[in-house]
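Spelled out, the chains give:
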Number of protein chains: 2
Amino acid sequence: MKKEHMDRIDNAIKAVAAKKHINHFYFVACGGSQAFMMPARYIMDMETEIPSSIYTSNEFVHTEPKALGPDSVVITCSHSGNTPETVKATELARQKGALTIALSNLVDSPLWLAAEYPLHYDWGKEADASDLNKGVLYTLLFKILNVLSPCEKYEKAVKAVDHLGECINKAKELYASKLSQWAKKYKREPLIYTMSSGATYGEAYSFAICLLMEMQWVHSSCIHSGEYFHGPFEVTDFDVPFIIIKGRGATRPLDERAYAFCSKYSEKIMLVDENDFDMTGIDEEVRPYFGSLLSGAVLRSFADYLAYERGHELSVRRYMWKMEY
Amino acid sequence: MKKEHMDRIDNAIKAVAAKKHINHFYFVACGGSQAFMMPARYIMDMETEIPSSIYTSNEFVHTEPKALGPDSVVITCSHSGNTPETVKATELARQKGALTIALSNLVDSPLWLAAEYPLHYDWGKEADASDLNKGVLYTLLFKILNVLSPCEKYEKAVKAVDHLGECINKAKELYASKLSQWAKKYKREPLIYTMSSGATYGEAYSFAICLLMEMQWVHSSCIHSGEYFHGPFEVTDFDVPFIIIKGRGATRPLDERAYAFCSKYSEKIMLVDENDFDMTGIDEEVRPYFGSLLSGAVLRSFADYLAYERGHELSVRRYMWKMEY
């Protein structure tokens, strides 16, 4: 990771460490940025007794959770730094005296100016994975955990971030031929469900709402593997396509059970299995938290293949950024 | 509310009041029962600083949140009392020393036996609304809040439960002709989205996964009104149907904004507006929390009309209860 990113993270960490009491971690963002922070809430939930919640920004702004105050840490994210709801959420949090940390690709954006501790991340294919949004978020997160309760596991996690790039490349290579075949086979599907759980739920959610619905105009819904059997599975049929991600973490049995059933009744399953990935460089102990980052990269590749096959570029929009809403 | 229900609730309340310190409220259930408890987490979030979380049961069981322990209160629900994941979640919570409260329609079910404080609710068209699941949950919830921080508002909310039945009947009557027209008009739709936020999000989620997907085999996805503009809205088109519920609470502006946009580009909108409802008997101060219960009843009526028009009874299943899964 670049020194400028690490310095900013370490600054934020000092502020977190200086707090006598933390009552709540709030992760607040919209759409893909919310999805990106979902594993953070999940990891905090399993690693610390301090409560964490995640909100879409405008729900946070309009409900003003009662526990939000000077003892809270609020982490927000907007890629452009211009998402008005997320800027407002950060301003509200700061007004209430909370410690505010914001992630953005744009220095000096409204979000950047709203937060006390803005963190910059790089973007684009030439950047190293450790400098991208997920590298910065995971470094921040495990450094926070290491302040709350210092242990080797969290140091291993911080070190693992430097190996993300090579692991992602191997994961994409491993799945490349499958992905291009799936893209050909499923290019005419009007609806594709996604399904996962645990640390990987956010990747399934993100793929459904951003890649499929927003960027491909393909109908979708992200189903939690644990919820599948309590309603949604009744829509399963031979011709209903599902993208299923089997995670590496604690909730893998949920994904396995959903896959076992779904693949019996649907002939259109795309399976991404985090156990397939070569995660050399990432310590065994923290792999359950890092698998989702590789799945995310694999799915992102699939979106490229799908866009190509459908002749519908990922950058095409009919409403977003084109009008007032 | 029947005395037997109230007595059991009051017993649970005594146990909550006896706790010196509560670190976390966990609401844990599957599918429709999880959806049913979503407003509880929302209300707690706005009314108390004690953190609340909601989980689908198997995610709770497999992740074992770190804060779960003797200071926690875990509220579970299974209509049949037999949902294995929810029984396990209750057993796990009790093992960890948490105070366990479970809602079920079946006395002496496995869930009933697993929880320290099981609460019974009635079912069926002849029962008074105050004795049904939502009446029991809301009474429990506002009595808990009144123990944590006694105030008139919570007493008003407990009293409001007795007026639910008449308000529900008026709401259903008000929407009856619209509902039957919508059912005729949309009976051939293969996919219907639902959308809402705040206290009403759970009703939109429940309608998508239980009524549409499970009971009608209609594809669906519940979109949070605040998330709509951050991806999902790109699927909006003249022929894409949406059921939108405008709530009465703090997040109504989110629903209004989503409706304003969506109704410009889709010709197939079913709007349920909680401001339409006659809520006489329910104090103005607590109406924002009760509107969702009326929307839920209206949507449940719509499911009956839709099932009739489609000749697909709500009781039909192809997988659920018919095989091992």
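*Asks:* Give a detailed account of the overall build of chain A, specifying residues and quantitative values.
*Replies:* The number of helices and strands found in chain A is 11 helices and 9 strands. Its C-alpha atoms give chain A a radius of gyration of 19 Å, near enough to 20 Å, the size a compact globule of 325 residues would have. The 325 residues of chain A split such that 63% are buried. For chain A, contacts bridging at least 24 residues in sequence account for 75% of all contacts bridging at least 6.

*Asks:* So what's going on with the interface of chain B and chain A? Which residues, and what values?
*Replies:* Between chain B and chain A, the contact holds 66 residues from the first and 66 residues from the second. Roughly 5700 Å² of surface becomes buried between chain B and chain A when both sides are summed, with 56% attributable to carbon and sulfur atoms. Summed over the shared surface of chain B and chain A, the result is 4 salt bridges. Linking Arg 257 of chain B and Glu 85 of chain A is a salt bridge whose minimum nitrogen-to-oxygen distance equals 3.1 Å. In this structure, the connection of chain B to chain A is made through 40 residue pairs in polar contact (both at pLDDT 80 or more). Looking at the side of chain B that touches chain A, the elements with two or more residues in it are β1 (24-29), α2 (31-47), β2 (52-56), α3 (57-63), α9 (201-216), β7 (222-224) and α10 (252-265) of chain B. Split into classes, the residues belonging to the side of chain B that touches chain A amount to 31 nonpolar, 21 polar and 14 charged.

*Asks:* Got a sec to walk through the packing of aromatic side chains? Specific residues and values, please.
*Replies:* Taken as a whole and assessed by the stated rule, the structure comprises 58 aromatic pairs over all chains. Arranged with centres 6.1 Å apart and planes meeting at 80 degrees, the rings of Phe 261 of chain A and Tyr 325 of chain B form a pair that is edge-to-face. A residue pair is termed interchain when its members come from two chains, as with Phe 261 of chain A in helix α10 (residues 252-265) and Tyr 325 of chain B in the segment after α11 (287-310). Taking the relative accessible area as the measure of exposure, Tyr 325 of chain B reaches 31% and is therefore partly exposed. With a centroid separation of 5.1 Å and an interplanar angle of 70 degrees, the aromatic rings of Tyr 228 of chain B and Phe 229 of chain B are classed as edge-to-face.

*Asks:* Mind laying out the nonpolar core, listing which residues take part and the relevant values?
*Replies:* Among the nonpolar cores identified, the biggest contains 202 residues, and Phe 290 of chain A together with Phe 290 of chain B are the most heavily contacted of them. Every residue in contact with Phe 290 of chain B, bar those within four places of it in the chain, is listed here: Tyr 138, Phe 142, Ala 157, Ala 160, Val 161, Leu 164, Met 279 and Ile 282 of chain B.

*Asks:* So what about the sheet that holds strand β9 (residues 269-273) of chain B? Which residues, and what values?
*Replies:* All names here are of chain B. Spatially, β7-β6-β8-β9 is the arrangement adopted by the 4 strands of the open sheet, whose pairing is parallel. The open sheet has two edge strands, β7 and β9, and neither has a second partner. In this sheet, neighbouring strand axes are inclined to one another by 20 degrees on average, regardless of whether the strands run parallel or antiparallel. This element, α10, spans β6 (193-196), β7, β8 (242-246) and β9 of the sheet and lies at about 145 degrees to β8.

*Asks:* Before we move on, can you summarise the environment of Phe 261 of chain A with the specific residues and values?
*Replies:* Exposure remark for Phe 261 of chain A: the relative accessible area of 4% places this residue in the buried category. As for Phe 261 of chain A and Asp 71 of chain A, which are separated by 190 residues in sequence, their C-alpha atoms are 45 Å apart.

*Asks:* How would you summarise the relation of the copies chain B and chain A if you had to cite specific residues and measurements?
*Replies:* Applying a rotation about an axis and a shift along it to one chain copy brings it onto the other copy. Superposition record for chain B on chain A: RMSD 0.0 Å, screw rotation 180 degrees, translation along axis 0.0 Å. Expressed as an axis order, the relation between the two copies is that of a two-fold axis. For chain B, the minimum C-alpha distance to the rotation axis belongs to Ser 221 of chain B and amounts to 2.5 Å. Most of the interface of chain B is mirrored in chain A: 100% of its interface residues are interface residues there too.

*Asks:* Kindly report on the pairing of strand β2 (residues 52-56) of chain A, identifying the contributing residues and their values.
*Replies:* Residue and element names in this part refer to chain A. Most of β2 is tucked away, with 4 of its 5 residues classed as buried. Bridge count between strand β1 (residues 24-29) and β2: 5 bridges; the pairing is parallel. Across the sheet, Val 28 pairs through a bridge with Tyr 55, a residue of β2. For the handedness criterion, the β-α-β arrangement of β1, helix α2 (residues 31-47) and β2 is classed as right-handed.

*Asks:* So what's going on with the sheet that holds strand β8 (residues 242-246) of chain A? Residues and values would help.
*Replies:* Residues and elements named next belong to chain A. If you walk across this open sheet you meet the 4 strands as β7-β6-β8-β9, and the pairing is parallel. Looking along the sheet, the strands with just one partner apiece sit at the ends: β7 (222-224) and β9 (269-273). Geometrically, the sheet is characterised by an average inter-axis angle of 20 degrees between neighbouring strands, direction not taken into account. The strands touched by helix α9 (residues 201-216) are β6 (193-196), β7 and β8; relative to β6, the strand with the most contacts, the crossing angle is about 165 degrees.

*Asks:* Could you give an account of unusual backbone geometry, naming the residues involved and the relevant values?
*Replies:* Residue and element names in this part refer to chain A. The backbone phi angle of Asp 108 is positive, close to 70 degrees, even though this residue is not glycine. Topologically, Asp 108 is positioned in the loop between β4 (99-104) and α5 (110-114). Phi is positive for Trp 321, close to 65 degrees, though the residue is something other than glycine.

*Asks:* Residue-level account of α2 of chain A, with values.
*Replies:* Residue pairs spaced three or four apart in an α-helix point in one direction, given the helix's 3.6 residues per turn. All names here are of chain A. Under the 1.5 Å per step criterion, the end-to-end length of α2 is 25 Å for 17 residues, consistent within 8% with the ideal 24 Å. If you look at α2, its biggest bend is around 30 degrees, right at Met 37, and the proline Pro 39 turns up within four residues after that. For α2, the tally of buried residues reaches 15 of 17 residues, placing the bulk of the element in the interior.

*Asks:* Describe the packing of helix α8 (residues 164-186) of chain A against helix α11 (residues 287-310) of chain A, naming the residues involved and giving the relevant values.
*Replies:* When two helices pack together, their arrangement is given by the angle between their axes and by how far apart the axes lie. Residues and elements named next belong to chain A. With their axes 8 Å apart at the nearest point, α8 and α11 run at an angle of 40 degrees to one another. The crossing of α8 and α11 is right-handed. Residue composition of the contact of α8 with α11, by class: 18 nonpolar, 2 polar and 3 charged.

What counts and what doesn't
Counting restarts for each chain, with residues numbered from 1 along the sequence as it is written. As they are written, the chains are lettered A onward and the ligands numbered 1 onward, keeping that order. With the structure being a predicted model, the display of local features is reserved for residues of pLDDT at least 70 and the display and counting of side-chain atom pairs for 80 or more, all residues being used for whole-chain, interface and lining totals. Excluded from the side-chain calculation are hydrogens and water; included are all heavy atoms of the structure. Strands are runs of DSSP state E lasting at least 2 residues, helices are runs of H or I lasting at least 4, and numbering of each runs from the N terminus. C-alpha atoms define the radius of gyration, and 2.2 Å times the number of residues to the power 0.38 defines the globule rule. Here's how the labels work: a residue is buried when its accessible area is under 20% of the maximum for its type, exposed when over 50%, partly exposed in between, all with a 1.4 Å probe on protein chains only. Pairs of residues are marked as contacts when any of their non-hydrogen atoms sit within 4.5 Å. Note: buried area is the sum, over both parts, of the accessible area (probe 1.4 Å) each one loses when the two are combined. The term salt bridge refers to a side-chain nitrogen of Lys or Arg lying within 4 Å of a carboxyl oxygen of Asp or Glu. Polar contacts here mean pairs of N or O atoms no more than 3.5 Å apart (in protein, one a potential hydrogen donor and the other a potential acceptor; neighbouring residues in sequence count only if both atoms are side-chain atoms). Under the convention adopted here, Pro, Cys and the residues Ala, Val, Leu, Ile, Met, Phe, Trp and Tyr are nonpolar, Asp, Glu, Lys and Arg are charged, and Gly plus all remaining residues are polar. A pair of aromatic rings is counted whenever rings of Phe, Tyr or Trp (Trp by its six-membered ring) have centres within 6.5 Å, and the orientation is called stacked for planes under 30 degrees apart, edge-to-face for over 60 and tilted otherwise. What we call a nonpolar core is a set of buried Ala, Val, Leu, Ile, Met, Phe, Trp, Tyr and Cys residues that are connected through their side-chain atoms within 4.5 Å. We treat two strands as partners when DSSP finds at least two bridges between them. What counts as an axis is a line fitted to C-alpha atoms, over the stretch in contact for a helix, and the angles between N-to-C directions run from 0 to 180 degrees. Copies overlap after least-squares fitting; the atoms used are the C-alpha atoms of residues with pLDDT of at least 70 in both. We call a crossover right-handed when, viewed with the strands running away from us, the connection from the first strand over the helix to the second turns clockwise. Multiply 1.5 Å by the residue count of a helix minus one, and that product is the helix's expected span. Note on bend: at a given residue it equals the angle between the axes fitted to the 7 residues ending there and to the 7 starting there. If you view the pair so one helix is near and one far, a crossing is left-handed when the near helix is turned anticlockwise from the far one by less than a right angle, and right-handed when it is turned clockwise.

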